[in-house]
Every structure is written in structure tokens, then in C-alpha cells.
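# Inside the fold
As a plain string of letters, each chain reads:
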Amino acid sequence: MTTPDDRPNEATLDFLRSVFPAEWREPILGRDGVTAWEAENRVTLPEPYRTFIAEIGNGSSLGPPEDEGLQPLGWLPECWPGTGPRRPGEPFPLEEAWVWEDDETIDAYDPRVDAVFNHGSVVLGAEDGPSFWLLVTTGPHRGEVWMVSDVGAAPVPVSEARSFDGWVRHWHAGNDWLA
């Protein structure tokens, strides 16, 4: 486990509070709840997501993402592919984007694909069915939001939207994810 990041500044937390109205938020986990989840999963969650679920809301039925909203910590969207047990404390397996659909060295049951779905991240939610937003919890991409789908995985293409709060800002502004 890593040492927790510095607490986010109040402007960031005020923004997150304003984007997720109280009536749409799930109950907070509190610091003790977050710490217990982290100990059980052998990982320290990146900020400002960590403070968000501890103090603002553990998910929200109002997006992002549009499908089912922001998932509570440890929950999976209904359309999750069920590729194996989630292990947020294991190393996130990618250093860069990978389109396995075009990779002739893998088959449908390649353990590397399962690792991308299940290791070193928490699931933020689903987007358009078989695509999922993950927050990376380990390794050099810790704190970045990635999109994982049935064809591959890549960090959010807009560099300003790769952090949790940047991702929320991008969504809240109504910006296209590919722009």
C-alpha cells in the first residue's frame, strides 16, 4: 500500500460537491470505511476520489458515466463482463494503450485481458454497454482514468481529463471524450 496522497484543496472538493447534488449521492463511507476497504484490498485509493467517497458521496446515480451513474466503491455495473475476481491492490498491467482486438497473439481467454479488467483499478462505471471507466489504483498510471472495453484499453484521450476530478470536469462541461 502507498501512503495516502495529500488531501485535495477545498476548491476541488467544492466543485465535486456542486456537480453531484446531495439527493443523487450514495451515503459516504467515512474515513474509517475507506481505510477498512483499503486494508482489505491492499491498496490506497488516489485523491481526490478517496476524499470524495469518504466525505461527499460513495457514488451517484447521476453520471458520469451516463449508464447507471458513478458506481459506489467496489460495486460493478450490471453489464460488467465477470472476467474474474477484482484485485485493486495488484499491479495495473498496462504501461500504454493496448487494442487486443488487433493482437494476433491472444485468444478470447487470455489472462492478460482479465488482468486489465481486474487488477490495479476500481470501476467507476459503464459507458455505452461494454465499455467501462476505471480509476487506476497502482503503478505509474495511479490516479488516471482509463476506458476498458471488449476490444482494448486506453487512458482517457484528453490529458486534462485523466484525473478523477478532471474526468468529472470534462463530463460536467459536456465535452466529447474524443475531442
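In this text the structure is predicted, and so the values were computed from the model without any measurement.

In this structure the tally under the stated criterion is twelve aromatic pairs. Here Trp 80 and Phe 117 contribute two aromatic rings whose centre-to-centre distance is 5.6 Å and whose plane-to-plane angle is 75°, an arrangement assigned as edge-to-face. Here the residue Trp 80 occupies a position in the loop between helix 3 (49-56) and helix 4 (111-118), and Phe 117 occupies one in helix 4, the gap between them amounting to 37 residues. Its relative accessible area of 5% is what places Phe 117 among the buried residues. Plain terms: the ring middles of Phe 117 and Phe 132 are 6.4 Å apart, the flat faces sit at 70° to each other, and that makes the pair edge-to-face. A residue pair is termed long-range when its members are at least 10 positions apart, and Phe 117 in helix 4 and Phe 132 in strand 2 (residues 131-136) qualify at 15 residues. For the pair Phe 117 and Phe 132, a shared accessibility class is recorded, and that class is buried. Counting every residue linked through ring pairs, the aromatic cluster contains Phe 20, Tyr 49, Phe 52, Trp 133, Phe 164, Trp 167 and Trp 171. The ring of Phe 15 has Arg 169 lying over it, and the distance from NZ or CZ to the ring centre is 4.0 Å.

Across the nine residues of helix 5 (residues 164-172), seven count as buried, placing the element largely inside the fold. Downstream of helix 5 by a residue or two, Gly 174 has a phi angle that is positive, lying close to 80°.

Okay, the pattern of salt bridges next. Pairing of side chains with opposite charge becomes possible as their charged atoms draw close. Applying the stated criterion to the full structure yields nine salt bridges. A salt bridge links Arg 31 to Glu 55; its shortest N-O distance comes to 3.1 Å. Here Arg 31, found in helix 2 (residues 30-41), pairs with Glu 55, found in helix 3; they are 24 residues apart in sequence, far enough to count as distant. For Arg 31, a relative accessible area of 31% puts it in the partly exposed group. Here the salt bridges do not stand alone but share partners, grouping Arg 7, Glu 10, Asp 14, Arg 17, Arg 31 and Glu 55 into one network.

What follows is about the sheet that holds strand 3 (residues 145-148). With antiparallel pairing, four strands are arranged side by side in an open sheet as 1-2-3-4. The sheet is open, and its two borders are formed by strand 1 (121-127) and strand 4 (153-155), each paired with just one other strand. When the angles between neighbouring strand axes are averaged without regard to direction, this sheet yields 25°. Pairing between strand 1 and strand 2: six bridges, direction antiparallel. Along strand 2, the bridge assignment pairs Val 123 with Leu 134. Sitting on the sheet, helix 4 touches strand 1, strand 2, strand 3 and strand 4, and the angle it makes with strand 2 is about 70°.

Analysis parameters
- Residues numbered from 1 in each chain as written.
- Predicted model: local features only at pLDDT ≥ 70, side-chain atom pairs only at ≥ 80, totals over all residues.
- Heavy atoms only, no water.
- Phe/Tyr/Trp six-rings, centres within 6.5 Å; stacked < 30°, edge-to-face > 60°.
- Helix = DSSP H or I, 4+ residues; strand = E, 2+ residues; numbered from the N terminus.
- Buried < 20%, exposed > 50% of the residue type's maximum accessible area, 1.4 Å probe, protein only.
- Lys NZ or Arg CZ within 6 Å of the ring centre and 35° of its normal.
- Salt bridge = Lys/Arg side-chain N within 4 Å of Asp/Glu carboxyl O.
- Pairing = 2+ DSSP bridges.
- Axes fitted to C-alpha atoms, helices over the stretch in contact; angles between N-to-C directions.
- Contact = heavy atoms within 4.5 Å.

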